[in-house]
Amino acid sequence: MLQASRSKHSVFLFHPMFNQLIRTLPAVASRCVVARASARSMHAVSAAALAGKPQINASAAAVTATTATVVKGKTPAEGPEMTLYPGATAPFTDKLEFLRNGTDRGPIPCYRIMDRTGTILDGSQDPNFDTATLEKMYVTMSRLNVMDGILYESQRQGRISFYMTNYGEEATHIGSAAALDDRDMVFGQYREAGVLMWRGFTLDEFMNQCYSNSKDPGKGRQMPVHYGSKRLNFQTISSPLATQMPQAAGAAYAFKRAGNGLAVICYFGEGAASEGDAHAAFNIASTTDAPCIFFCRNNGYAISTPTRDQYRGDGIASRGAGYGIDTIRVDGNDVFAVYNATKAARKFAVEQNRPVLIEAMTYRVGHHSTSDDSSAYRQATEVNRWVKEDHPITRLRLYMEKKGLWDEAREQALKKEARAQVLDHFQKAETELKPAIKHLFTDVFDTVPLHLQRQQEEMRAHIAKYPADYPTQLYEKD
Ligand SMILES: Cc1ncc(C[n+]2csc(CCOP(=O)(O)OP(=O)(O)O)c2C)c(N)n1
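Residues numbered from 1 in each chain as written. Predicted model: local features only at pLDDT ≥ 70, side-chain atom pairs only at ≥ 80, totals over all residues. Heavy atoms only, no water.

### Thoughts on the overall build of the protein
Logical step 1: Helix and strand counts for the protein stand at 18 helices and 8 strands.
Logical step 2: Looking at the protein as a whole, 46% of its 478 residues qualify as buried.
Logical step 3: Considering only intrachain contacts with a sequence separation of at least 6, the fraction spanning at least 24 residues in the protein is 74%. (Helix = DSSP H or I, 4+ residues; strand = E, 2+ residues; numbered from the N terminus. Buried < 20%, exposed > 50% of the residue type's maximum accessible area, 1.4 Å probe, protein only. Contact = heavy atoms within 4.5 Å.)

See the structure below:
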């Protein structure tokens, strides 16, 4: 499938004006023809054409002779004449045609297996998961949804400072995570908590990070939802968009050199794909043959910016071919389609040492973050349509219900249990002490340099002078 989509969407840009230039502009023509001729071991080129030092000065007469010789030497069996420029191998054309955006080839199709009612459309594509795996997928998606609800509300109550929900994107997380080897390295943006949950990040770990308490491995230094886990091969999230993308390409290149048979997956939003770092990443991964799976969550919005203001091409998928990257567009609300696409992408990346691009189409059901009110820029009716008519969790539930693997009683029990678990860990995290104050200064460098030691002493003296203003009892002792 990946191969097929590659050839189908390969982009060839023709330059028909070139032939005309050759006939009418001797200076330009001489440069081009001499370059072409030298690439052919100069067999058909008159010595005169190459004798002058700067090739652009080759005489018009020599150029004419050269052109004539090359054309005469071509036999029909050789097919259309191809360019010999080092930059691209392409057939020449005498038609003045621009490649039109969107009209010549139509949009890249969106791969799905299961429709909105949870019905499998093509049985040959059904990954046929066993009951335990299906339940794990459904339970993880639902638990993520419950955790989102509780942490979102807790932010509204001022108990944590910030939160970002994953509403509507649960299938992109669980479908892709399930298709990976758990040792594959993950580079995320910030809206991929389900990947961590699938790998076994505990509710304690989520809560400790969001509460910036002393149990947070990040020592409370980053905003909530900036998770990371060395144990689970999940690189720590950072806020600047797309910076993880070239890093992921580099990590994949290192994996290839290490010959460890692993891949890197890099998640990003369609908004982040407009960053310069996205371009760098695609090109680095392609030219270094790095086993990197670029996974774009195209959820329609980058905060308040709709995709129409983000790009005018055919989404993010259409960019893949331009970088020589095998690409697929997938229905991001279909957990099975996401699974199949990621599984095939991983196999291809590891076996061929090549990057792959997956564009998962979905919809950001929630607000961008707790700092955003999306009713300011989109209609509630639009959001409700996705919740009611095409939601990834509902779709999987309908599939499982049809198979007799799920029902309303199990749904209620799951919701109740998940809620109790999340609240339990939430309350625990809330009562933990904050990290020791010294950790404001540690890990800036490997060891604390003299100037930071001095700043630390100044801060301690300051706190000692104004103890009433600093709730040090909430912080772990150094
Ligand atoms: C380099 C940079 N520019 C701007 C921002 C502010 N910002 C944070 S999230 C965001 C929108 C990202 O949208 P998208 O990549 O589509 O992901 P989504 O939030 O939809 O999941 C912006 C502009 C940032 N964090 N980093």
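### Topic: the nonpolar core
Logical step 1: Counting 73 residues, the largest nonpolar core has Met137, Met147, Tyr163, Tyr227, Val335, Phe336 and Leu396 as its most contacted members.
Logical step 2: Considering every element that reaches this core, the biggest residue donor is helix H6 (residues 131-156), with 11 residues.
Logical step 3: Beyond its immediate stretch of four places on either side in the chain, Phe336 contacts Ile113, Met114, Ile120, Pro127, Phe129, Leu134, Leu396 and Tyr399.
Logical step 4: Listed in part, the 28 residues of the second largest apolar core include Ala242, Ala248, Ala272 and Ala273. (Core = buried A, V, L, I, M, F, W, Y, C linked by side-chain atoms within 4.5 Å.)

### Points about the pairing of strand S8 (residues 356-361)
Logical step 1: Burial of S8 is extensive: 5 of the 6 residues sit out of reach of the surface.
Logical step 2: Bridge analysis of strand S4 (residues 292-298) against S8 gives 6 bridges, and the strand direction is parallel. For Phe294, the partnering residue across the bridge sits in S8 and is Leu357.
Logical step 3: Where strand S7 (residues 326-331) and S8 come together, 6 bridges link them in parallel fashion. The residue of S8 that forms the bridge with Thr327 is Leu357.
Logical step 4: What joins S7 to S8 is helix H14 (residues 335-352), and the crossover it makes is right-handed. (Pairing = 2+ DSSP bridges. Right-handed = clockwise from strand over helix to strand, strands pointing away.)

### Some remarks on the sheet that holds S8
Logical step 1: In spatial order, the strands read S1-S7-S8-S4-S3-S2; together these 6 strands make up an open sheet with parallel pairing. Each end of this open sheet is capped by a strand with a single partner; those strands are strand S1 (110-111) and strand S2 (185-187).
Logical step 2: Bridge analysis of strand S3 (residues 264-269) against S4 gives 6 bridges, and the strand direction is parallel. Following the sheet pairing, Gly269 is matched in S4 by Arg297.
Logical step 3: Here helix H11 (residues 276-287) sits on the sheet in contact with S3, S4 and S8, set at roughly 150° to S4.
Logical step 4: Contacting S1, S3, S4, S7 and S8, H14 runs over the sheet at an angle of about 165° to S7. (Axes fitted to C-alpha atoms, helices over the stretch in contact; angles between N-to-C directions.)

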